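# An overview of the molecular structure
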Amino acid sequence: MIPSDALRWVLKIVFLSLIAGLAVFAAISLAGLGSPVLAVLPLVGAGGLIYLFLSPRAYPLRWLAPGVLFLVVMVIYPIGYTFMASTTNVGTGHMLSKTQAVHQLLERTYSPPDAARYAFDAFEDPAGDLALVLTGPSGRFLYAGGEASRMLDPDERAADDDGDGRFDRVLATYRRLDFREVVQRLAVLQTLRIDLEGEPVGLRSLPDFTVLRPLYAYDGAAATMTDLEKGKVYADKEGIFTAEDGEEIFPGYRRSVGLGNYLRLFTSPAIVGPFFTVFGWTFVFAGLTVLLNFSLGLALAMLLNDPFLRLRHVYRVLAVLPYAVPAFVTILVWRGMLNLNFGVVNQILVALFGAGARVAWLESAMGARAALLLVNLWLGFPYMMIIALGALQSIDVSLYEAARVDGARWGQQFRRITLPLLLMPLAPLLIGSFAFNFNNFTLVWLLTEGRPPIIGAQTPAGATDVLITYTYRLAFEGARGNQLGLAASISVLIFLIIATISAINFRLTGTLEELSKNV
């Protein structure tokens, strides 16, 4: 019988050997795809894992490794990748490397006006292999097995069974395909390049094959692409080949632009106006949301904290209900209620004040912004009420009794006792709420999608966009396509802002803890 320690050792070696083999396979595959940097990562990871399991000195690190791994994969890597993307021009038309883009352009062809054309019939054998009979000015050719040969007429390798002048079979086993079957195999036919009499022939259009010649020629030394059909020269400019008259040929390629995307946010006339409008509204939206939600939540908390209020427990349950319903459901319900023509809110306003009271909640800039604040107030006040109610119950009642003995009115008690003692424990939560609403993508996207659009904006920016929705729309809804590099630069700015807010939050939390010791 094998001792248990020896069995564990054998299993450990087998497991680590399997990990090492998979890492080597992944590294070879990534290197073959042209990613040498990524190819190193599986080897480094496997080496670290082997070290953790085989080295006694690394034993404590085994318990930290899973958390560190998830930290790297889920936090550090996305942040680093986003920053790297923000320093490139990656986006629509610039997704490929330069080598890939040049290769695609060099594969493009054109057919000269005087090029010979060849009508064709397609044939297929039971194994699915294709053969072609090409008929042109210089005769008839049979293409099969990757080679073309001139056919004699009549030819024993082909048979016209019905006498209509077209072959029905070639090479005994190949049957002629009808038009529908030819269309089904069009993708394969378009890839064929046949050497006929020293010239490459390919499928230019469905009726026939024709002589094809390379459309572009690349000069690596001069970094230019020449259109051989028009004789036009395109110079390499900012990741895309561009002619003197501004004409561009796609695809372009990824290239580093340094801090160019960040400079565009503050210098490009097409971007700077909408960006700062969205930037300012983001702070206003997050700040007003916290202020309104906290004000209503605190007011209800003080009301429901009154021990003499009847049925206060029932009121508390009812006040928490908006917080219990999933936010996305509530937002979509409110979107229907705020509809201009059929919404319940406008129907009530019309019934009370007449037809002129109808409000374009989601159609006008002011109405849409007010709707965002209103819906966010409905979603957020229960949370503020709950935390304020808990904080109120922790305040010593004797402080209020002493204040009343000294003749302090209710307002003075609130300003001098309630509010200061509430802000000490609640300030970090309020800052956290500000950070959350700073990136409140769900509310903005489901209720308004960032719209209505800002008049005159040359980027997809709306009056209710916050930075995170503006980034999304810039990345996926731009008129110039996906501007992923520019969107990544805004994401980095958002990260820095939220990181700063979090740092202030941590610092403030520590300061308040020190103050609370003296209260």
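As the structure is a computational prediction, the values presented were derived from the model and not from experiment. (Residues numbered from 1 in each chain as written. Predicted model: local features only at pLDDT ≥ 70, side-chain atom pairs only at ≥ 80, totals over all residues. Heavy atoms only, no water.)

### Description of the packing of aromatic side chains
What counts here: Geometry of aromatic contacts follows a simple scheme: Phe, Tyr and Trp rings, the Trp one being its six-membered ring, pair when their centres are within 6.5 Å, and the pair is stacked under 30 degrees between planes, edge-to-face over 60, tilted otherwise. Helix and strand assignments come from DSSP, with helices taken as H or I runs of at least 4 residues and strands as E runs of at least 2, each series counted from the N terminus. Whether a residue is buried, partly exposed or exposed follows from its accessible area with a 1.4 Å probe, protein chains only, as a fraction of its type maximum: under 20%, in between, or over 50%, in that order. Cation placement over rings: the criterion is NZ of Lys or CZ of Arg within 6 Å of the ring centroid and within 35° of the ring normal.
Counting across every chain of the model gives 25 aromatic pairs. Ring plane angle 80° and centroid distance 5.1 Å describe the contact between F120 and F209, whose orientation is recorded as edge-to-face. With a gap of 89 residues between them, F120 in strand β2 (residues 117-124) and F209 in strand β11 (residues 208-211) connect regions that are remote in the sequence. For F209, a relative accessible area of 0% gives the class buried. Feature note: the residues F266, F275, F276, F279, F283, F434 and F438 constitute an aromatic cluster, connected by ring pairs. Here the basic side chain of R369 rests over the ring of W281, its NZ or CZ set 4.7 Å away from the ring centre.

### Regarding the side chain of T418
Heads up, the condition is: Contacts described as polar in this section are N or O atom pairs within 3.5 Å, which, within protein, must combine one atom able to donate a hydrogen with one able to accept it, while residues neighboring in sequence count only if both atoms come from side chains.
With respect to the helices and strands, T418 occurs in helix α14 (residues 410-438). In this structure the side chain of T418 is engaged in a polar contact, spanning 2.6 Å, whose partner is the side chain of Y400.

### Some words on the environment of G239
For clarity, the cut-off: Contact criterion: two residues are considered in contact whenever any of their non-hydrogen atoms come within 4.5 Å of each other.
Inspection of the secondary structure assignment puts G239 in the loop between β15 (232-237) and β16 (240-242). By relative accessible area, which is 0% here, G239 ends up buried. Setting aside chain neighbours within four positions, we find G239 in contact with N89, H94, G252, Y253 and R255.

### Description of the sheet that holds strand β17 (residues 248-249)
Applicable threshold: Pairing between two strands requires that DSSP report at least two bridges joining them.
Taking strand neighbours across the sheet as the criterion, the five strands line up as β13-β14-β15-β16-β17 in an open arrangement whose pairing is antiparallel. Bordering the open sheet on either side are β13 (216-219) and β17, each of which pairs with just one other strand. Relative to β15, strand β14 (residues 224-227) runs antiparallel, the two being bridged by four bridges. Along β15, the bridge assignment pairs M225 with Y234.

### Some remarks on helix α4 (residues 98-106)
Residue pairs three or four apart in sequence face the same way in an α-helix, which turns once every 3.6 residues. Keep this limit in mind: Directions are taken from the helix axis to each C-beta atom, and the arc is the one they span.
Of all the residues in α4, the buried ones are A101, V102 and L105. Along α4, the residues classed as buried sweep out an arc of 95° about the axis, all on the same side.

### Some remarks on the packing of helix α8 (residues 269-304) against helix α12 (residues 365-393)
What counts, and what does not: A fitted line through C-alpha atoms represents every axis, and for helices the fit uses only the stretch in contact; the resulting angles, taken between N-to-C directions, go from 0 to 180 degrees. Orientation categories follow fixed angle ranges, with anything under 35 degrees roughly parallel, anything over 145 roughly antiparallel, 65 to 115 roughly perpendicular, and all other angles oblique. Note on convention: near helix rotated counterclockwise from far helix by under a right angle means a left-handed crossing. Clockwise means right-handed. Put simply, Ala, Val, Leu, Ile, Met, Phe, Trp, Tyr, Cys and Pro go in the nonpolar bin, Asp, Glu, Lys and Arg in the charged bin, and everything else, Gly too, in the polar bin.
Packing of α8 against α12 brings their axes to within 6 Å, and their N-to-C directions diverge by 45°. Accordingly, the angle class assigned to the pair α8 and α12 is oblique. Crossing hand, α8 versus α12: right-handed. In terms of residue class, the contact of α8 with α12 is built from 20 nonpolar, six polar and one charged.

### A closer look at the environment of S491
Tracing the backbone through its elements, the reader meets S491 in helix α17 (residues 484-516). The class of S491 is partly exposed, set by a relative accessible area of 25%. As for S491 and S138, which are separated by 353 residues in sequence, their C-alpha atoms are 63 Å apart. Residue contacts for S491: discarding those within four places in its chain leaves T82 and T471.

So yeah, pure geometry; function would need other evidence.
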